[in-house]
Amino acid sequence: MNSSNMSLKDKVAIITGAGRGIGRSIAVSFAAAGANIIVVDLDMPEIENTVKAAEPNNVRVLGMKTDVTKKEEVDSMAAKVLQTFGTIDILVNNAAIEYYVPLMLMREEGWDKTFDVNVKGYFLCAQAAGKTMIKNNRGIIINFASMAGILADKYSGAYCASKAAIIQFSRSLAGELANHNIRVNCIAPGMVKTRMAAAALKDEETKNRFCGLIPLGRFAEPEEMASVALFLASDASSYITGTTIIVDGGVSISGMNHDESGKTVPAKYKIL
Amino acid sequence: MAKIQFSLEGKTAIVTGASRGIGKAIALAFADAGADVVVASRTIPDLEKTAEEIRLKGRHALVVKTDISRQQDIESLIEKTVKEFHSIDILVNNAAQLLLMLPSMLRDEGWDKMINTDLRSCFISSREASKVMIKNRRGSIINIGSVAGTMAVPYESAYAVAKAGLIHLTKVMAGELGHYNVRVNSIEVGMVRTKMTEGVWSNPQIAKIFEQGIPMHRISEPEEIAAVALFLASDAASYVTGASICVDGGASLAGFNPDIQGMTLPEQYRIHKESLE
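All figures in this text were calculated on a predicted structure; none of them were measured in a lab.

Looking now at the environment of I167(B). All names here are of chain B. For I167, the position within the fold is in helix α6 (residues 157-177). Taking the C-alpha atoms as reference, I167 lies 18 Å from L253; in sequence the two are 86 residues apart. In this structure I167 touches G145, G149, S186 and S244, once residues within four positions along its chain are discounted.

Below, the structure is given as structure tokens:
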């Protein structure tokens, strides 16, 4: 077995939330590795942008506007994928929403929407894609959790709870599907330069305050999440299932240190 | 694009315990990806074989006889690497020893030996290598740990504690070295087909019991661990630091639960249904 093989040649990969950010980066990266891509999102113009970005890699790319919180739409999307591509090899559950609202102020609709998109959506997509993967006795499912599923942020409790749910959902699914040669893993990103981090990136001062809390001293590019997804989708991770890979530049190591003095770690500890 | 991300072109790597098993597989995988490799262990003949295979791949190899339980050997290993290659880009702390014993039978010396070989040596080599990496403002330290460090499996007390310590040391060092662009990560391995576990996998009956407890129903090959080390050493893992990557075929998912593993979903449901009737 060629364990260092990062090729996804001829594989069929569904990526949710692929209209922008991490999802788009994964679509482009998987396409470059030879996979045919299904771009799933809610916003048609954004879907089209991703399709255009992925296409030059000489693979087939299909955009599908789908609301992952609705079972009929998810099942219909999966059926269309089977019809068009004949199989489903990889599912990347990436679509998510985050409301920056303390739990004590959150409205019922906000809580429901958070869990519908972030948890139920992953479950519905996993069921739909999993059916085909079980039939083929092979497959890869990659779920996006977050550092927020491990460290409890004070200001986005619903999001944190939903991401913690994904970590355990992913592990349970891995246990269920291991007998069918399907690997299921989770990626937990830290601070990434996407629209979801807009508030943290809004000005230099705020950005630097966050950077001071991160051992690597910077936010990640979406591509640095895509490369980990590629690793998990490829044979290089052939013995990895049921785990969560934290990709956060080290910020969760010592907790989000709310001493937001803006000083870097060396300055705080007076090193060199 | 994918190939480039796994490139170690122009890098210098040190791999301890490179004479066989996981260490050898890592050394060869790194050479395949374009790195020059310094191979360290106590057994020179096997080490020379690894070095020869690296040279056949067109890379430079340096053989350094090293007993990681001896501090001066580690320091000498780092010195010789810097003298030959003027850099250390990657350090893989892989060499380790395993003593399987009831805690009541493990003597003081046995405990000390495990902690020294499997934990303290990694701290010393990382400390020395990181001095070079800090100067160059780049580096990747990879510690080969074990699921014994996260799951409390009996008979492995000192080994398990050393590995648990190694996992935490990984995180602490990652926090300290991040600002110098040095990443530190660990790989927690489960059952791998190497000499260390030969007593298990070479006996069909024992192997079967172990395989039943692993969701993937097989033990791993050293190459499957090497591929993860390669990922961690490469730019594909450029934002990964302080991470503990579990490579165990799912063994630590639900605890060692040999009951239900080994059955397909329909079979499991049938049995659950029957048990309710």
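Read on, since the account is not over.
For the rest of this paragraph, the subject is the sheet that holds strand β2 (residues 36-41) of chain A. Residues and elements named next belong to chain A. Taken in spatial order, the 7 strands of this open sheet run β3-β2-β1-β4-β5-β6-β7, and their pairing is parallel. Edge positions in the sheet fall to β3 (61-65) and β7 (244-247), since each of these pairs with one other strand and no more. On average, each strand axis in the sheet is tilted by 15° relative to the strand beside it, whichever way the strands run. Two strands pair when backbone bridges link them, and strand β4 (residues 90-93) and strand β5 (residues 139-144) are joined in this way by 4 bridges, in the parallel orientation. Within the sheet, the bridge partner assigned to V92 lies in β5 and is I142. Across the sheet, helix α2 (residues 44-54) lies against β2 and β3, angled at about 170° from β3, the strand it touches most.

Once that is clear, we can look at the packing of helix α3 (residues 71-85) of chain A against helix α4 (residues 108-136) of chain A. Residue and element names in this part refer to chain A. Where α3 meets α4, the closest approach of the two axes is 9 Å, and the angle between their N-to-C directions is 30°. One element, α3, and the other, α4, form an angle in the roughly parallel class. In the packing of α3 onto α4, the handedness of the crossing is right-handed. Packed against α3, whose contacting residues are K71, V74, D75, A78 and L82, the element α4 presents L124, C125, A128, A129 and T132 at the interface. Residue composition of the contact of α3 with α4, grouped by class: 7 nonpolar, 1 polar and 2 charged.

So, about the confidence of the model for chain A. Interpretation of this model should avoid reading the predicted coordinates in detail wherever pLDDT is low. Here chain A averages 91 in pLDDT, while 92% of its residues score no lower than 70. A low-confidence stretch, residues 258-272 of chain A (pLDDT under 50), is modelled with 15 contacts involving residues beyond four sequence positions or located in other chains.

Let us look at unusual backbone geometry. Phi is mostly negative for residues that are not glycine, and the peptide bonds are mostly trans. For N58(A), which is not a glycine, the phi torsion comes out positive at approximately 65°. Here N58(A) is to be found in the loop between α2 and β3.

Before going further, it helps to spend a moment on the interface of chain A and chain B. The interface is formed by 40 residues belonging to chain A together with 39 residues belonging to chain B. Looking at the side of chain A that touches chain B, the elements with two or more residues in it are α5 (157-177), α8 (223-233), β7 and α9 (265-269) of chain A. For the side of chain A that touches chain B, the leading source of residues is α8(A), giving 5 residues. Here the side of chain A that touches chain B is composed, by residue class, of 21 nonpolar, 16 polar and 3 charged.

Rules and cut-offs
- Counting from 1, residues in each chain are numbered in the order their sequence is written.
- To read the labels, note that chains go from A and ligands from 1, taken in the order they are written.
- Whole-chain, interface and lining totals are the exception, using all residues; otherwise, since this is a predicted model, local features are given only for residues with pLDDT of at least 70 and side-chain atom pairs are given and counted only at 80 or more.
- The way it works is that DSSP assigns letters per residue, a run of H or I at least four long becomes a helix, a run of E at least two long becomes a strand, and they are numbered from the N terminus.
- Contact criterion: two residues are in contact if their C-beta atoms, reconstructed from the backbone, are within 7 Å.
- Strands qualify as paired when DSSP identifies two bridges or more between them.
- To define axes, lines are fitted to C-alpha atoms, for helices over the stretch in contact only, and angles between the resulting N-to-C directions are given on a 0 to 180 degree scale.
- Roughly parallel refers to an angle under 35 degrees, roughly antiparallel to one over 145, roughly perpendicular to one between 65 and 115, and oblique to any angle outside these ranges.
- The handedness criterion is simple: a crossing whose near helix is rotated anticlockwise from the far helix by less than a right angle is left-handed, and one whose near helix is rotated clockwise is right-handed.
- Asp, Glu, Lys and Arg are counted as charged, while Ala, Val, Leu, Ile, Met, Phe, Trp, Tyr, Cys and Pro are counted as nonpolar; the rest, among them Gly, fall into the polar class.
- pLDDT measures how confident the predictor is about each residue, on a scale from 0 to 100.

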